[in-house]
Amino acid sequence: MMTENINAPTLAEILELEKQVWSALVTGDAHADRALLSADFLGVYPSGFANRDDHVGQFAEAPTMAEFKLSEEQLRILTPDIVLLSYRADYVRPGAEEWEAMLISSLWERRTGVWINSFSQDTPVDQE
């Protein structure tokens, strides 16, 4: 039996996918958000657990982010098809002036040749 030799992704490749999720939050694009998340997506947030419908449902009224900056990115390759992206996100919500920050870990999996986000955990950063 031949096994397919698939290379692990680069940090830049996975970071670009993560930025697409954030851009969907800024533009209010629920369709793009749904397409990037797995059907069995699990979010672990300060507000509790969330599935894909919960994540996409936040777009019901309007975009949930006005602006964002990602930094301190690092990629842990678990297998060539499963990677963990961790980073800091600084963001402003629509209508707000204060920036907030979270440390985020996102699990990305290559399923049937497509990268999808299957898990995300957000940890608030205390702002001094």
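Residues numbered from 1 in each chain as written. Predicted model: local features only at pLDDT ≥ 70, side-chain atom pairs only at ≥ 80, totals over all residues. Heavy atoms only, no water.

Trainee: With reference to specific residues and values, describe the overall build of the protein chain.
Mentor: The secondary structure content of the protein chain amounts to three helices and six strands. In the protein chain, the order of α-helices and β-strands from amino to carboxyl end is α-α-β-β-α-β-β-β-β. Expected size for 128 residues packed as a compact globule is a radius of gyration near 14 Å; at 15 Å, the protein chain falls within 12% of this value. Its C-alpha atoms give the protein chain principal-axis dimensions of roughly 55 × 30 × 25 Å. Per-residue burial over the protein chain gives 38% buried out of 128 residues. In the protein chain, the proportion of contacts linking residues at least 24 apart, taken out of those at least 6 apart, comes to 53%. Carbon and sulfur atoms provide 51% of the accessible area of the protein chain, an area that totals close to 7700 Å². If the 9 positive side-chain charges of the protein chain are averaged to one point and the 22 negative ones to another, these points end up 4 Å apart. (Helix = DSSP H or I, 4+ residues; strand = E, 2+ residues; numbered from the N terminus. Rg over C-alpha atoms; globule rule 2.2 N^0.38 Å. Buried < 20%, exposed > 50% of the residue type's maximum accessible area, 1.4 Å probe, protein only. Contact = heavy atoms within 4.5 Å. Areas by Shrake-Rupley, 256 points an atom, 1.4 Å probe, with all protein chains shown as cover. Lys, Arg positive; Asp, Glu negative; His and termini not counted. Charge placed at Lys NZ, Arg CZ, Asp CG, Glu CD.)

Trainee: I'd love a proper account of the environment of I104, names of residues and values included.
Mentor: Relative to the helices and strands, I104 resides in strand β5 (residues 100-111). Placed 66 residues apart in sequence, I104 and S38 show a C-alpha to C-alpha distance of 17 Å. Other than its neighbours up to four places away in sequence, I104 contacts E18, W22, L85, S86, Y87, A89, S120, Q121 and D122.

Trainee: Mind laying out the layout of surface pockets, listing which residues take part and the relevant values?
Mentor: For the largest pocket, the calculated volume is near 420 Å³. Around the largest pocket, the lining is made up of 24 residues, and of these L25, Y45, H55, Q58 and D122 lie nearest the centre. A per-element tally of the lining of the largest pocket places helix α1 (residues 11-27) first, with four residues. (1 Å grid on protein atoms, 1.4 Å probe; cavity = no way out; pocket = protein on both sides within 12 Å on 5 of 7 lines; lining within 4 Å. Points joined across faces, edges and corners; volume = space filled by probe spheres on them.)

Trainee: Describe the sheet that holds β5, naming the residues involved and giving the relevant values.
Mentor: Taken in spatial order, the six strands line up as β2-β1-β6-β5-β4-β3 in an open sheet, and their pairing is mixed. With partners counted over all chains shown, the strands left at the sheet margins are β2 (48-50) and β3 (67-79), one partner each. Within the sheet, the average angular offset between the axes of one strand and its neighbour, ignoring direction, is 15 degrees. Strand direction decides the pairing type here: β5 and strand β6 (residues 114-124), joined by 10 bridges, are antiparallel. (Pairing = 2+ DSSP bridges. Axes fitted to C-alpha atoms, helices over the stretch in contact; angles between N-to-C directions.)

Trainee: So what's going on with unusual backbone geometry? Which residues, and what values?
Mentor: Despite not being glycine, E72 has its phi angle at roughly 55 degrees, a positive value. Secondary-structure assignment places E72 in strand β3. In this model, T112 sits at a positive phi of 45 degrees, which is unusual for a non-glycine residue. Here T112 is to be found in the loop between β5 and β6.

Trainee: Could you give an account of the pairing of β5, naming the residues involved and the relevant values?
Mentor: Where strand β4 (residues 82-92) and β5 come together, 10 bridges link them in antiparallel fashion. If you follow L85 over to β5, its bridge partner there is S106. Hairpin geometry of β5 and β6 is characterised by an intervening segment of two residues between the two adjacent antiparallel strands and by a positive phi of about 45 degrees at T112.

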